[in-house]
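Examination of the molecular architecture
One-letter residues, chain by chain:
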Amino acid sequence: MTPQSEPDVPRRDARRDVRRRRFGAAVAGPLAVIGAAAATSIALLVAWRSQLPEPLATHFDGSGRADGFSSWTANVVFMVILGAALPAALVVGASLSGLNPGSRLMGAVAAGTGTLTAALMVIATAGQRGLTDAGTATLPMSALLPGLAIAAVGAATGYVVVPRPEPDPGTVPTIPLDLGASERVVWISHRSGPVVRVVGGVLVVAAVLAAVPGRQVETAAGLLVGGLITLTFATAEARVDRTGLTVHVGLFKRLIPLERITTARAVDVHPTEYGGWGYRLSRHGQAIVMGAGPGLTISRTRGTDLTITVPDATTGAALLTALLQDTVT
Amino acid sequence: MLFRIDVSSRTTLYDQLAGQVRGALLRGEIASGDRLPSAHELAQSLGINIHTVLRAYGVLRDEGLIELRRGRGAIVVGEPVQGDVVTAVHRLLEAAQRNGLSLAQVHHAIDEGAT
């Protein structure tokens, strides 16, 4: 008969504060680089506006001749969306689970992408100053090299401004469940990704839209396949019982027998460490990643480790460890 | 969610299973809208008769904790015990411990208070 102690409330607040600080640390630097690059390129576009032809040349063929045009306004909008909003969304989305071993690389990718877009925008536009007809604009491939160099600097900056995450505290040893001789136990846990359903649904709708009025069959087929594959990742389920670990994602269902499993442990999954979302391969082996959070990881007699992100992974690992011990004795 | 039964216990298997679901709901491990495993899956994993699982689900449905829908399976519809009741329970247990009362005496006090 143990009364619940009050200190749970301050502990929860402290954890929330730590998560906020770590999120800030992961995004502040890269966002600053993205912002600076975007602001610089937009400032130059504004300053040069009166000297630029309207519309501007925005695409060039292999030999450097202009073959695609859009308005000055469209260019600025493009810059904001592709050069700033998208990389910013990328680094923010990847940092929601806080500072983690993949954060520095993510910072580099986001900052590098934003800087590259900004630099190429400036380079492509600079050569059109003083022109009245954008059709005469040229942009040789060699002109892109300074842009790549600037992007490399942007990426490197985005890398170093993200603090090094705390070293992995190491795996906490799994405490096996205490199984009685006459006990039967099964652990079932699942995780759904509502974003996956939305994205999959959008793709399927897009497929219908492509097929029906425009009769673009190839595009529709591609979108449909992509949408259906995405939808199958809507829910991931893990089940542990005396037969082993069963992993179930959409139409894909696989039992890893107890005899093939050597260890089981609960881990804290950051998608950036495992290579993203969905079915991933990384230095951690195979993983089914629905999002950041708890995951159950097993090591096998043959093949790589396997991880699946489901809630209450600690209990699943505890049960699996107990079942493994029972087979040894 | 963990389903744990003891085949040597005096409590019937279906009562044990129903109790597991009630406990999980109380602890917040499952919530309204969650889907329970199919009777077939659960029976197979636990190595028991499917009718035992179906009986447990029937008990929970009669209590209004779950709904059985064709095609969707067993869905949790119940709510855990209200938060302020849980808080009051903890306060009561704290007070009992301070005064050196046993659990039986606490039950007696509740019965007295209810009359």
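Let me begin by describing the structure that accompanies this report. (Residues numbered from 1 in each chain as written. Chains lettered and ligands numbered in written order. Predicted model: local features only at pLDDT ≥ 70, side-chain atom pairs only at ≥ 80, totals over all residues. Heavy atoms only, no water.)

Here we take up the overall build of chain B. Along the backbone of chain B there are five helices and four strands. What you see in chain B, going N to C, is helices and strands ordered as β-α-β-α-α-β-β-α-α. When the 115 residues of chain B are sorted by exposure, 32% land in the buried category. Pairs at least 24 apart in sequence give 46% of the contacts found in chain B among residues at least 6 apart. (Helix = DSSP H or I, 4+ residues; strand = E, 2+ residues; numbered from the N terminus. Buried < 20%, exposed > 50% of the residue type's maximum accessible area, 1.4 Å probe, protein only. Contact = heavy atoms within 4.5 Å.)

Moving on: the environment of serine 282 of chain A. All names here are of chain A. Inspection of the secondary structure assignment puts serine 282 in strand β8 (residues 278-282). Distance from serine 282 to threonine 304, taken between C-alpha atoms, is 9.9 Å for residues 22 residues apart in sequence. Look past the residues within four positions of serine 282 in its chain and what remains in contact with it is Glu273 and Tyr274.

Take the packing of helix α5 (residues 194-211) of chain A against helix α6 (residues 217-232) of chain A next. Residue and element names in this part refer to chain A. Between α5 and α6, the shortest axis-to-axis distance is 8 Å and the interhelical angle comes to 160°. Put simply, α5 runs roughly antiparallel to α6. Handedness of the α5/α6 crossing: left-handed. Mapping the contact onto sequence places Val196, Arg197, Val199, Gly200, Gly201, Leu203, Val204, Ala206, Ala207, Ala210 and Ala211 in α5 and Thr219, Ala220, Leu223, Leu224, Gly226, Gly227, Leu228, Thr230 and Leu231 in α6. Class assignment for the residues of the contact of α5 with α6 results in 13 nonpolar, six polar and one charged. (Axes fitted to C-alpha atoms, helices over the stretch in contact; angles between N-to-C directions. Parallel < 35°, antiparallel > 145°, perpendicular 65-115°, else oblique. Left-handed = near helix turned anticlockwise from the far one by under 90°. Nonpolar A, V, L, I, M, F, W, Y, C, P; charged D, E, K, R; others polar.)

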